[in-house]
Amino acid sequence: MDSSLHHLILSILIGLIHCSFDHHHHYGYCVLGAGPAGLQMGHFLSKAKRDYIIFERNLGPGSFFNIYPRHRKLISINKIFTGRRNREFNLRHDWNSLLSDKPDLLFQRFSKEFYPSADAYPLYLSTFTKELGLRVRYGVDIGKIRAMQSANNSYILTDQHGSDYTCRVLLVATGLWVPQQVEFVGSDLVEGYESISTDPEDYKDQAVLILGKGNSAFETAQSILGKASHIHMYSASPVRLAWQTHYVGDLRAVNNELLDTYQLKSLDGLADGSLEAVAIVQQKESERSSRRTNSKRRASGKERRARLYVTLAELLDSTNWKNSSTPRLDDVLAGFPDDNFALRQPYDRVIRCLGFRFNFSIFDGSACPPSSEVAKGRLPGVTAWYEGRGTPGLFLLGTAAHSRDYRSSAGGFIHGFRYTVRTVHRVLEQRYHNNPWPSTKLQITQLKSWILRRVNEASGPYQMFGVLADVVLLQNSHCEYLEEFPVQALSDFSSLSGHEVPKRGLLVVIMQYGLNHTDTLGPDRSQKDWIQAWKSKFLHPVLYYYDTLPTEQDMRRRPSGWHLPRPKAIHHLIEDFLTKWDAPMSHIQPLRRFLEHCVQTDLRAFYAESCFKFALTHHKPPAFCLQGYLKQQGVVGNSQPPQHAHYSGLMPTELESDTSDVHPLLPPNYLTQAGASVSPGLELDF
């Protein structure tokens, strides 16, 4: 056969193979949505070299931020200057960057503003995608998702062109983008936050009623505050201030200027009531002012829109509004419950600002996660490890998974869900690839300094307080340290992490606010005496010690407001004004005593002279000497032997004495030389 024919046949076969792969639509992991949560998961999957694809219905990443917030200012802080060079610490105050291995791939490259413009975020996400080489298919609008009935619980996704994609694991990161609406009489007369004009001039000298009291409502009010004649806000829920509740989804100070004008009585105000109970009616043309009055208004350029009136639906005669939103104005005015009804004046506009809900419509019955019991059913229900309830292999990421910590932590926001996405990835690695949860093996004498470093630097537990915690598995002379485990899944620890709980038990290190809520700015707002650390109100570390793993029943029966069941022992590190838990007497020494109680071991650090003495006079020297000095890792001498001996404290009662952990004259690296981790009381910036 002619060699050219061989080449032709070979080329055809190669083309057929390529064509076959081009139309191969089966993936190990399908990520739905190229927003921050989807791209964050894409990074972890790419780093682990998994078979994945990210589907995005729009032509670029982060399309939500091309529209919202409508007035273009983000309320996620972008604090660039912290006085530290520690990347992990700085993420505590960077609420926009995603996690990656590139130290310069941060949002601050695109904006230096403390409250940045939303326009910068899609640019950041686009750069994040390109620099990390993430696999994203744009213009693929998944309109139907169904489960494949098989042992592998695969999912089939169908796009706008009828093409099917099959994946073993489905990761839904579509966020919340469907406007939340409430049906009531006259709701068709209401404008939506998603479509209103953002030009303040369009509201000049108009009376505006805003339905809602969240950030989108106050953002809208703030933008027109200097143009509207008066602004009223109405909803069933009272205003919740983020600086009081510690929940970043509540009203932020950057948007709350209307509270000033309300409390200082400058025409604006807040009213409470159920939306379902009200009716909004429009003044009929025949009931308007006389033609003569209207002609004067037209001549002066002051003609108004049709006025809108608010009343209670139950007070309207049903025959007047059964098929119309325009009953007689006399009937409306006559129906006011009292003559000083707060919303009795007419409005030029009524604007709905009620937030957003998850799009359940793309799931059929076999794949649809149930609505959660929180957030009025706007969010899907998920397990403690963010898997849809009743939908094995389908996980919710980002804001869509916020039902687990709704109104209690930051899981609905970028600075929170970048960590919960990493949590989901670790669960996937253990379940599908037998890769256990990453852990660090430590000598028991290193535990105190390691915990102190984590509570002073780690950003994950700090941002996801009460949700993600470090777990320490205690063994005889060493321990295993696991970072950022979801505490609500503690009863399933072994199956999710791939680690067994040893007989010595475990420690849980978590950040939490106090349960005793008082005046946030009052004189007694904080504790200063470490003996009263358990009364701390601000964010602070808490250690729980369990000799056995809590059961699912224990988790259900935990005290109200507690993140975990009652432990065998508990320790609070007292809140600190600087959020630096490095004070020798107030923080470090009480922590050491608690750990010694849990592990039944002396955890103090000693100089070589002391260890030499203990080796000669004690059957069992302290653990620090066993793991340091006796392995030839003791602290070397210096040029001042008398001073060295003095600070070594060579006295018979040393083991029983209650000395401070850190002396100001000790060399800064004495713990490292002795084989222990460096305490975060000695700040290390990387």
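Above this note sits the structure.
Residues numbered from 1 in each chain as written. Predicted model: local features only at pLDDT ≥ 70, side-chain atom pairs only at ≥ 80, totals over all residues. Heavy atoms only, no water.

### Some words on the overall build of the protein
Within the protein, the regular secondary structure consists of 20 helices and 22 strands. Taking all 686 residues of the protein together, the buried fraction comes to 52%. Within the protein, residue pairs in contact and separated by at least 24 positions form 68% of the contacts whose partners lie at least 6 positions apart. As displayed, the protein offers around 32,500 Å² of accessible surface, 52% of which is attributable to carbon and sulfur atoms. (Helix = DSSP H or I, 4+ residues; strand = E, 2+ residues; numbered from the N terminus. Buried < 20%, exposed > 50% of the residue type's maximum accessible area, 1.4 Å probe, protein only. Contact = heavy atoms within 4.5 Å. Areas by Shrake-Rupley, 256 points an atom, 1.4 Å probe, with all protein chains shown as cover.)

### Concerning the sheet that holds strand β14 (residues 349-352)
Strand order across the open sheet formed by 5 strands is β8-β14-β9-β10-β11, with parallel pairing between neighbours. Both outer strands of the open sheet, β8 (191-192) and β11 (269-272), are each paired with one neighbouring strand and no more. With 2 bridges joining them, β8 and β14 adopt parallel strand pairing. The residue of β14 that forms the bridge with Gly192 is Arg352. Along the sheet face, helix α5 (residues 215-224) touches β9 (207-211), β10 (230-235), β11 and β14 and points at about 175° away from the line of β10. (Pairing = 2+ DSSP bridges. Axes fitted to C-alpha atoms, helices over the stretch in contact; angles between N-to-C directions.)

### Describing the side chain of Ser497
Here Ser497 shows up in helix α14 (residues 493-497). Setting aside residues up to four positions removed in sequence, Ser497 forms contacts with Gln430, Pro436, Trp437, Leu482 and Phe485.

### Observations concerning the state of the cysteines
Per the stated rule, a full pass over the model turns up 1 disulfide. Note that Cys611 is cross-linked by a disulfide to Cys625, the S-S spacing being 2.1 Å. Taking the sign of the S-S torsion, about -80° here, the bridge from Cys611 to Cys625 comes out left-handed. Taken together, the residues Cys611 in helix α17 (residues 608-617) and Cys625 in helix α18 (residues 623-627) connect sequence positions 14 residues apart. Residue Cys611 is classed as buried on the basis of its relative accessible area, which comes to 1%. When its relative accessible area of 1% is taken as the criterion, Cys625 is described as buried. (Disulfide = S-S within 2.5 Å.)

### Quick notes on the pairing of strand β6 (residues 164-172)
Counting buried residues in β6 gives 7 out of 9 residues, a clear majority hidden from the surface. Where strand β1 (residues 26-32) and β6 come together, 6 bridges link them in parallel fashion. Bridged to Cys30 within β6 is Leu170. Bridging between β6 and strand β16 (residues 394-396) involves 3 bridges; their strand directions are parallel. Opposite Val172, over in β16, you have Leu396 as the bridge partner.

### Considerations on the packing of helix α2 (residues 36-47) against helix α11 (residues 414-433)
Where α2 contacts α11, the two axes come as close as 9 Å, and the packing angle between them is 40°. Classified by the angle their axes make, α2 and α11 are oblique. Between α2 and α11 lies a crossing whose hand is right-handed. Along its contact with α2, which presents Pro36, Ala37, Gln40, Met41, Phe44 and Leu45, the element α11 presents Ile414, Phe417, Arg418, Val421, Arg422, Val424, His425 and Leu428. Grouping the amino acids of the contact of α2 with α11 by side-chain chemistry returns 10 nonpolar, 2 polar and 2 charged. (Parallel < 35°, antiparallel > 145°, perpendicular 65-115°, else oblique. Left-handed = near helix turned anticlockwise from the far one by under 90°. Nonpolar A, V, L, I, M, F, W, Y, C, P; charged D, E, K, R; others polar.)

### Quick notes on α17
Every buried residue belonging to α17 is among Ala608, Ser610, Cys611 and Phe614, and all of these are buried. Relative to the axis of α17, the buried residues are bounded by an arc of 160° and lie together on one face. Along α17, the residues that are exposed and aim more than 90 degrees away from the buried face are Leu616 and Thr617. (Arc of directions from axis to C-beta.)

### Quick look at the sheet that holds strand β21 (residues 540-546)
In sheet architecture, strand pairing relies on hydrogen bonds along the backbone and comes in two forms, parallel and antiparallel. Strand order in the open sheet formed by 6 strands is β17-β19-β18-β20-β21-β22, and the pairing between neighbours is antiparallel. At either end of the open sheet lies a strand with only one pairing partner, and these are β17 (439-443) and β22 (569-572). Ignoring strand direction, the axes of neighbouring strands in this sheet form an average angle of 20°. Both β17 and strand β19 (residues 478-486) contribute to a ladder of 5 bridges, which runs antiparallel. If you follow Gln443 over to β19, its bridge partner there is His478. Contacts from α11 reach β18 (468-474) and β19 within the one sheet, and its direction differs from that of β19 by about 120°. Its contacts with the sheet put helix α16 (residues 584-599) on β18, β20 (506-512), β21 and β22, and the angle it makes with β22 is roughly 165°.

### Considering the packing of aromatic side chains
For any pair of aromatic rings, geometry is given as the distance between the ring centres together with the angle between the planes. A full pass over the atoms with the stated rule returns 25 aromatic pairs. An angle of 35° between the planes, with centres 4.9 Å apart, marks the rings of Phe64 and Tyr68 as tilted. Of the residues examined, Phe64 reaches a relative accessible area of 32% and is grouped as partly exposed. Overall, the relative accessible area of 9% leaves Tyr68 in the buried class. Aromatic side chains Phe606 and Phe614 sit 5.2 Å apart centroid to centroid with 85° between the ring planes, which places their arrangement in the edge-to-face category. Like Phe614, Phe606 is buried. Here a set of aromatic residues connected by ring pairs shows up, and it is made of Phe64, Phe65, Tyr68, Phe107, Phe110, Tyr121, Tyr124, Phe128, Tyr193 and Phe356. Here the guanidinium or amino end of Arg57 rests over the ring plane of Trp177, the centre of that ring lying 4.1 Å away. (Phe/Tyr/Trp six-rings, centres within 6.5 Å; stacked < 30°, edge-to-face > 60°. Lys NZ or Arg CZ within 6 Å of the ring centre and 35° of its normal.)

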